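Read off the chains here:
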Amino acid sequence: AEKSIAAIRERVIDILDVPLFPIAWQSEMSAGEARESLIALDPSGQITTIEVLELLNNEELLSALARAGRHGEISRQGLARMYGPGARSFPSNWQTFLNTCEPHPAPGPRLFLIVLSIDAAVMPAVQALSGAGLNVSQASIHDGNQILVSLEEVKPHGSAFGWLGSATGGRT
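Visitor: Explanation requested: the overall build of the protein chain in the structure shown.
Guide: On a plain count of helices and strands, the protein chain comes out with 7 helices and 6 strands. Secondary structure elements of the protein chain occur, N-terminal to C-terminal, as α-α-β-β-β-α-α-α-β-α-β-β-α. Buried positions account for 35% of the 172 residues belonging to the protein chain. Excluding contacts between residues fewer than 6 apart, the proportion of contacts in the protein chain whose partners are at least 24 apart in sequence is 60%. When the accessible surface of the protein chain is summed, it comes to about 10000 Å², and 53% of that surface belongs to carbon and sulfur atoms.

Visitor: Please explain helix α5 (residues 90-99) as it appears in this structure.
Guide: Inspection of α5 places Phe90, Trp94 and Phe97 among the buried residues, and these make up the whole buried set. Along the long axis of α5, the arc covered by the buried residues comes to 60°, so they all point the same way. Check the buried side of α5 and you find it contacts β1 (21-30), β2 (33-41) and α4 (76-82).

Visitor: I keep staring at helix α1 (residues 2-10) and nothing clicks. Help me out?
Guide: One full turn of an α-helix is made of 3.6 residues, so residues set three or four places apart face in the same direction. Those residues of α1 that fall on the buried side of the exposure criterion are Ser4, Ile5 and Ile8. Looking straight down α1, one finds that the buried residues subtend no more than 100° of arc, so they occupy a single side. Away from its buried face by more than 90 degrees, α1 exposes Glu2, Lys3 and Glu10.

Visitor: Looking at this model, I keep getting lost on the pairing of strand β5 (residues 134-143). Mind explaining?
Guide: It is a general feature of regular strands that their side chains alternate between the two faces of the sheet. As paired strands, strand β4 (residues 111-118) and β5 are joined by 5 bridges and run parallel to one another. Paired with Phe112 across the two strands is Asn135, which belongs to β5. Handedness of the β-α-β unit built from β4, helix α6 (residues 123-129) and β5 comes out right-handed.

Visitor: Would you mind going over the side chain of Arg67 with me for this structure?
Guide: By the secondary structure assignment, Arg67 is in helix α3 (residues 58-71). Contacts of Arg67, omitting those with residues within four sequence positions, involve Glu28, Ser30, Arg35, Ser37, Glu51 and Glu60.

The rules behind these values
- Residues numbered from 1 in each chain as written.
- Predicted model: local features only at pLDDT ≥ 70, side-chain atom pairs only at ≥ 80, totals over all residues.
- Heavy atoms only, no water.
- Helix = DSSP H or I, 4+ residues; strand = E, 2+ residues; numbered from the N terminus.
- Buried < 20%, exposed > 50% of the residue type's maximum accessible area, 1.4 Å probe, protein only.
- Contact = heavy atoms within 4.5 Å.
- Areas by Shrake-Rupley, 256 points an atom, 1.4 Å probe, with all protein chains shown as cover.
- Arc of directions from axis to C-beta.
- Pairing = 2+ DSSP bridges.
- Right-handed = clockwise from strand over helix to strand, strands pointing away.

Here is the structure:
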């Protein structure tokens, strides 16, 4: 699993296939283990956190949400200082990125989680937060001559009212 997680992290911006401007990877301790987060900006200028996890459970979700909240408070000057190629190149590289994006973009998710597996107990929370700043995708790893990754976004199920309506034979 560690080899797969490392391979996903290495190409996470390409794998997500959404326009994101990577700032830097940041390591933070959580439950006695280091958690790696990629801090990025979406085209609207919103700070976005991307994490790759082996297992998403309630504790990991809560910790990831807390990290994303802390990352969202980083100032532009702080982001420039963290930026891998250096603070001096941040403004011009950011402008170059924006020039490749659609004009007037809407903010996207604040937290992207790519996970290898999901604990069933966390699914109600994931579904409740889906579309409200959280994007969770489950990765499938295909290991041959090279590691290939496919993602399936975890999306909420239909409303309970739709289910109730079908259970009553469509009567309301």
